[in-house]
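Structural overview
Given next are the chains, with one letter for each unit.
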Amino acid sequence: MNTKEIPVYMMTGFLDSGKTTFTRDLLTSPDFCSGERTLFLRCEDGEEEYDEKQFAPFNVTMVTFEEQEEFTLPRLKELTKKYKPEQVIIEYNGMWPFSLCDEAFPAGWTLYQLVCLIDAKTFEPYSKNLGQMMMEKLVNADVIVFNRCTPELKDYLRSRNLKMVNRQAEIYLEDEDGEGEDYFLGGECPFDLEGVDCLELSENDYGIWYVDCMDYPEHYAGKSVKYKGIVVQSKDFPKGTCAIGRFAMVCCSNDMQFLGMVTRGPGYDKFETKQWVEVTAKVEIAYQEAFQEEGPNLYIENIVACDPPENEVVGF
């Protein structure tokens, strides 16, 4: 017998991040709760309270979990049997790991959307003090909303290149009046390429170029690029290819990611994994098997061993 799929929508974030306001608006929206049996699971007591009388017209039942130990598979099965929800909305405790959901969700519960709410004013100290917890939320979110933004905070958040943390998420910046705007401003190229056949990247330019090239490969198609990077070879890569790139600190010191470009052509196989090289390569747009879509590929024109840059890790 097939288990009926129950869509789950989860809101997460740290205390005072705006989860309650966001969730309340969702639960009382006729566009979202239009009579379906909705089970609302509240997993922490925030500064704002819910008025359950508001939920009555929208067929919403609220259940509160006081402790992480209560959020278990038997308990959620019990609630499913009792209330027979057609959808589930969860205001998730920001201090609880997402792995808890993997263990607790009954068969049929399917996470449709994860929204991460963040107070822009506390993002930096939370990133420093709760780095791994913050990263878990950013990496897994489908939608990221930074609220209470000042113009200065918007500039700061954009300077952090958060798209490197989660390239698939929609990211919005809301000011203190609730007016929002897209995190991404447009497709302006960060480099002056007029009359340039080969773009020589400084040691500090790689991260900026990588982000732009992945999002807008047409900016660089047909042009050559020269930079220092680490060679990475793997049997899991398509035959005849490697990756050449840099490690980057994309959010906090505990979170390092390798930002590598798919590379083919002569000479790379002479170098070992993690060896530094200076490569000159032409940018092509081609199908990437790893991502199941077209993207930038590099074709080697010249590659030589080199010393590491002064700062081996790319920062944003």
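Residues numbered from 1 in each chain as written. Predicted model: local features only at pLDDT ≥ 70, side-chain atom pairs only at ≥ 80, totals over all residues. Heavy atoms only, no water.

1. Re the overall build of the protein
- When its secondary structure is counted, the protein shows 7 helices and 15 strands.
- Over its C-alpha atoms, taken along the principal directions, the protein stretches across nearly 70 × 50 × 35 Å.
- With 316 residues in all, the protein has 47% of them scored as buried.
- In the protein, the share of contacts with a sequence separation of at least 24, taken over all contacts with a separation of at least 6, comes to 70%.
- In the structure as shown, the protein presents an accessible area of about 16,500 Å², 47% of it carried by carbon and sulfur atoms.
- Taken together, the 30 basic and 58 acidic charged side chains of the protein have centroids lying 5 Å from each other. (Helix = DSSP H or I, 4+ residues; strand = E, 2+ residues; numbered from the N terminus. Buried < 20%, exposed > 50% of the residue type's maximum accessible area, 1.4 Å probe, protein only. Contact = heavy atoms within 4.5 Å. Areas by Shrake-Rupley, 256 points an atom, 1.4 Å probe, with all protein chains shown as cover. Lys, Arg positive; Asp, Glu negative; His and termini not counted. Charge placed at Lys NZ, Arg CZ, Asp CG, Glu CD.)

2. Side note on the sheet that holds strand β1 (residues 6-12)
- Taking strand neighbours across the sheet as the criterion, the 8 strands line up as β3-β2-β4-β1-β5-β6-β7-β8 in an open arrangement whose pairing is mixed. Two strands close off the open sheet at either side, each with one partner strand: β3 (60-64) and β8 (180-182). Recorded for the sheet is a direction-independent mean angle of 20 degrees between the axes of neighbouring strands.
- As paired strands, β1 and strand β5 (residues 109-119) are joined by 7 bridges and run parallel to one another. Looking at β5, one finds that Ile 6 is bridged to Trp 109.
- Against the sheet, helix α5 (residues 131-140) touches β1, β5 and β6 (143-149), its axis set at about 125 degrees to β5. (Pairing = 2+ DSSP bridges. Axes fitted to C-alpha atoms, helices over the stretch in contact; angles between N-to-C directions.)

3. Focus: the nonpolar core
- Judged by nonpolar contacts, the single largest core of 28 residues is most densely connected at Tyr 206, Trp 209, Tyr 227 and Met 261.
- Broken down by element, this core gets its largest block of residues, 5 residues, from helix α7 (residues 206-215).
- Excluding its chain neighbours within four sequence positions, the residues that come into contact with Tyr 227 are Leu 201, Tyr 206, Trp 209, Ile 244, Met 261, Val 277, Glu 278, Val 279 and Leu 298.
- Counting residues in each nonpolar core, the second largest holds 22 residues, with Cys 43, Leu 76, Ala 104 and Leu 114 among its members. (Core = buried A, V, L, I, M, F, W, Y, C linked by side-chain atoms within 4.5 Å.)

4. Considering the pairing of strand β12 (residues 256-264)
- The sheet contact formed by strand β11 (residues 241-249) and β12 spans 9 bridges and is antiparallel. Counted as the bridge partner of Ile 244 is Met 261 from β12.
- Sheet analysis places β12 next to strand β14 (residues 293-305), joined by 2 bridges and oriented parallel. Bridge pairing in β14 links Thr 263 to Leu 298.

5. Thoughts on empty space enclosed by the protein
- Enumeration according to the criterion identifies 2 cavities of 30 Å³ or more in this entry.
- Estimates place the volume of the largest cavity at around 40 Å³.
- Around the largest cavity, the lining residues are Phe 14, Ser 17, Leu 117, Ile 118, Asp 119, Thr 122, Tyr 126 and Met 134.
- When residues in the lining of the largest cavity are grouped by element, the largest group, 3 residues, is from β5. (1 Å grid on protein atoms, 1.4 Å probe; cavity = no way out; pocket = protein on both sides within 12 Å on 5 of 7 lines; lining within 4 Å. Points joined across faces, edges and corners; volume = space filled by probe spheres on them.)

6. Description of the packing of aromatic side chains
- Considering all chains together, one arrives at 19 aromatic pairs under this definition.
- Residues Tyr 9 and Phe 32 carry aromatic rings whose centres are separated by 4.8 Å and whose planes lie at 75 degrees to one another, so their mutual orientation is edge-to-face. A residue pair is termed long-range when its members are at least 10 positions apart, and Tyr 9 in strand β1 and Phe 32 in the loop between α1 (19-27) and β2 (38-42) qualify at 23 residues. For the pair formed by Tyr 9 and Phe 32, the shared burial category is buried. (Phe/Tyr/Trp six-rings, centres within 6.5 Å; stacked < 30°, edge-to-face > 60°.)

7. Describing a negative patch on the surface
- On the surface, a cluster of negative charge is made up of Asp 45, Glu 66, Glu 67, Glu 69 and Glu 70.
- Along the chain, Glu 70 falls in the loop between β3 and α2 (73-83).
- Overall, the relative accessible area of 33% leaves Glu 70 in the partly exposed class. (Patch = residues over 30% accessible without salt bridge, like charges linked within 9 Å, V, L, I, M, F, W, Y side chains within 5 Å. Salt bridge = Lys/Arg side-chain N within 4 Å of Asp/Glu carboxyl O.)

8. Focus: the pairing of strand β10 (residues 224-232)
- Along β10, 7 of the 9 residues are buried, which leaves the element largely enclosed by surrounding structure.
- Of the strand pairs in this sheet, strand β9 (residues 198-200) and β10 are connected by 3 bridges, and their pairing is parallel. In the sheet register, Leu 199 faces β10, and the bridge partner there is Val 225.
- Where β10 lies against strand β13 (residues 276-288), 7 bridges are found, and the strand directions are antiparallel. Each bridged residue has a counterpart across the sheet, and for Ser 224 the counterpart in β13 is Lys 282.

9. Some thoughts on unusual backbone geometry
- With a phi close to 45 degrees, Lys 84 is a non-glycine residue in the positive phi region.
- Classification of Lys 84 by relative accessible area gives exposed; the value is 51%.
- Backbone geometry at Lys 274 places phi at a positive 80 degrees, although glycine is not the residue there.
- Among the residues examined, Lys 274 registers a relative accessible area of 63% and is labelled exposed.

Any functional reading would require information beyond the geometric quantities listed.
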